[in-house]
Amino acid sequence: MEFRIGENITIVTEDIEYLLNMAKNKKVLVLYPLKLENLSYYFMVENFLRLGIKDGESGKGIKNYEMILRKLISNDFQKNDIIIGIGGGSLLDLAGFVGSTYKRGMILINVPTTLLAMVDASFGGKNAINFMGIKNVIGTFYHPSAIYLNFSYLNSVDEKHILSGMGEIIKYAATLDKNLFKYIDKNSENIIKKDLNVLRKLVYRSLYLKYSIIKKDAIGKNNLRDILNAGHTLGHAYESITGYRIPHGIAVAYGLIDECKILSFLGYTDYSICLEIERIFSKIGIRKNKKFVAGKIYSFIENDKKINGEYIRIPAITEPGRAEILNLKRRDLRNAIYESGSFR
Ligand SMILES: NC(=O)c1ccc[n+]([C@@H]2O[C@H](COP(=O)([O-])OP(=O)(O)OC[C@H]3O[C@@H](n4cnc5c(N)ncnc54)[C@H](O)[C@@H]3O)[C@@H](O)[C@H]2O)c1
């Protein structure tokens, strides 16, 4: 499978030989999560330099960035050498940030090992690190040359992080693909059981759906990419308010449900759609039992990147598999947060 975005080509492959061939006659630095060295097994190749990195949000920062740069410089890496990031979204965001900035960009290969990283963080060009406690505050747009998919990585991913990946997959389904929505509904048992054939189908379909958007809006210039932000306005608020204890995709799932209810309260969407989204999440095991405090949520949203003057851009799901971007008055959003009953 191959994705073309502007001048960039990203090859998606399950063939390890293809990657090893890419690496011939090049220097290679392999980054992997310190606590999960076994994930780098396929890349234990003579001559490849290796570096274990603390992953998660706390690892995605300046300290690790500097450590990796030092490794590259002291080993005389050049632009056409390779950096391979193996891990969840946090490690891939960091590897991508290094890969895009070192000598203004070297060859980047992503090896996603969580479901969320497979369907979202590995592809689309966004890379970032956290700084001064602010998530993703320094970042770049830079595409990987290749993504290596190996679904056996999912065997060791815990249930919480499989559900987190499902948050993003159901976002794609709810906003872009009603057949995917139906497929998830039908196959919920197999998803819960981590049937790798079913997860494989979900990953490829999700990557394709993400591609269908970003090929038209590579760096978010014409706002088409906003559709991918469904659930993220509230989701980011939930992640931040809970100190990132809720995994990203589960926060997005909660966000999808609550954004739908708010937009239904304002008359932009039908409440039955929100119940349908809530039902499918519940069926695979994502249930939101907690109500957040309206004031805290709204003050977080006030700083959202999608705010433009008196308005905020927010996707509304108009039926399962279809969404449109609304330019919502901030005042209306505020009222709905306080009055819709979704918050306390
Ligand atoms: N760049 C993008 O487009 C994009 C999109 C979505 C999310 N993100 C970023 O991705 C991050 C979240 O990614 P994530 O959910 O993968 O979290 P993560 O990277 O923190 O990984 C979650 C946990 O799973 C562990 N893990 C990874 N692979 C494993 C495996 N195969 N078996 C067992 N454990 C494994 C990790 O060590 C970690 O403890 C956030 O920082 C978010 O901002 C980026």
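Criteria and cut-off values
Residues numbered from 1 in each chain as written. Predicted model: local features only at pLDDT ≥ 70, side-chain atom pairs only at ≥ 80, totals over all residues. Helix = DSSP H or I, 4+ residues; strand = E, 2+ residues; numbered from the N terminus. Rg over C-alpha atoms; globule rule 2.2 N^0.38 Å. Buried ≥ 20, exposed ≤ 12 C-beta atoms within 10 Å, placed from the backbone. Contact = placed C-beta atoms within 7 Å. Domains from an automatic or database assignment. Nonpolar A, V, L, I, M, F, W, Y, C, P; charged D, E, K, R; others polar. Pairing = 2+ DSSP bridges. Axes fitted to C-alpha atoms, helices over the stretch in contact; angles between N-to-C directions. Core = buried A, V, L, I, M, F, W, Y, C linked by C-beta atoms within 7 Å. Near = placed C-beta within 6 Å. Parallel < 35°, antiparallel > 145°, perpendicular 65-115°, else oblique. Left-handed = near helix turned anticlockwise from the far one by under 90°.

Here we look at the overall build of the chain
Summing up its helical and strand segments, the chain has 13 helices and twelve strands in all. Taking 2.2 N^0.38 as the reference for a compact globule, 344 residues should give roughly 20 Å; the C-alpha atoms of the chain span a radius of gyration of 20 Å, in line with that estimate. Summarising its shape, the C-alpha atoms of the chain cover approximately 60 × 40 × 35 Å along the three principal directions. With 344 residues in all, the chain has 46% of them scored as buried. For the chain, the proportion of contacts with a sequence separation of at least 24, taken over those separated by at least 6, is 70%.

A look at the domain arrangement of the chain
Examined at the domain level, the chain breaks down into domain 1 (2-155) and domain 2 (159-339). Distance from the C-alpha centre of domain 1 to the C-alpha centre of domain 2: 26 Å. Counting residues at the interface gives 20 residues for domain 1 and 22 residues for domain 2. For the side of domain 1 that touches domain 2, the secondary structure elements donating two or more residues are strand S1 (2-5) and helix H4 (115-121). With five residues, the single largest contributor to the side of domain 1 that touches domain 2 is H4. Partitioned by chemical class, the residues of the side of domain 1 that touches domain 2 number twelve nonpolar, five polar and three charged.

Points about the pairing of strand S3 (residues 28-33)
In terms of burial, S3 is a largely internal element, six of the six residues being buried. Side chains of S3 alternate between two faces, with Val28, Val30 and Tyr32 and Leu29, Leu31 and Pro33 buried alike. Strand direction decides the pairing type here: S3 and strand S5 (residues 82-87), joined by four bridges, are parallel. Counted as the bridge partner of Leu29 is Ile83 from S5. With five bridges connecting them, S3 and strand S4 (residues 49-53) associate as parallel partners. Bridge pairing in S4 places Val30 opposite Arg50.

What about the sheet that holds strand S12 (residues 322-329)?
Spatially, the three strands line up as an open sheet ordered S10-S11-S12, and their pairing is antiparallel. Both outer strands of the open sheet, strand S10 (307-308) and S12, are each paired with one neighbouring strand and no more. Inspection of the sheet shows strand S11 (residues 311-319) paired to S12 by eight bridges, in the antiparallel sense. By the bridge assignment, Ile314 is partnered in S12 with Leu326.

Concerning the sheet that holds S4
The strand order S1-S2-S9-S6-S5-S3-S4 describes an open sheet built from seven strands, whose pairing is mixed. Each end of this open sheet is capped by a strand with a single partner; those strands are S1 and S4. Across the sheet, the mean angle separating the axes of adjacent strands is 20° when strand polarity is ignored. In the packing of helix H3 (residues 89-101) onto the sheet, contacts are made with S3, S4, S5 and strand S6 (107-112), and the angle to S5 comes to roughly 170°.

A closer look at the environment of Leu263
Looking at where Leu263 falls in the secondary structure, it is placed in helix H10 (residues 248-265). When residues no more than four places from it in sequence are discounted, the contact partners of Leu263 are Tyr268, Thr269 and Ala316.

With respect to the nonpolar core
One finds Leu31, Ile83, Ile84, Ile170, Ala253 and Ile277 to be the most contacted residues of the largest nonpolar core, which totals 97 residues. Among the elements that make up this core, the one with the highest residue count is H10 (ten residues). Lining this core are residues from two domains, each supplying at least three of them: domain 1 (2-155) and domain 2 (159-339). The residues touching Ile170, leaving out its near neighbours within four places in the chain, are Ile184, Ala253, Ile280 and Phe281.

Digging into the site of the ligand
The full set close to the ligand counts 29 residues, and Gly88, Gly89, Ser90, Thr114 and Ser156 are the nearest of them. The set of elements that each furnish at least two residues to the shell around the ligand consists of H3, H4 and helix H5 (159-176). When residues of the shell around the ligand are sorted by domain, at least three fall in each of domain 1 (2-155) and domain 2 (159-339).

Considering the packing of helix H9 (residues 232-241) against H10
At their nearest, the axes of H9 and H10 sit 7 Å apart, and the two run at 130° to each other. As far as their axial angle goes, H10 and H9 are oblique. As for how H9 packs across H10, the hand of that crossing is right-handed. For the pair H9 and H10, the contacting residues are His232, Thr233, Leu234, Gly235, Tyr238 and Glu239 in the first and His248, Ala251, Val252, Tyr254, Gly255, Asp258 and Glu259 in the second.

Let's talk about unusual backbone geometry
The phi angle at Asn25 is positive, at roughly 65°, despite the residue not being glycine. Turning to its location among the elements, Asn25 is positioned in the loop between helix H1 (16-22) and S3. The backbone phi angle of Arg104 is positive, close to 60°, even though this residue is not glycine. Of note, Arg104 is situated in the loop between H3 and S6. Exposure remark for Arg104: the 8 C-beta atoms within 10 Å place this residue in the exposed category.

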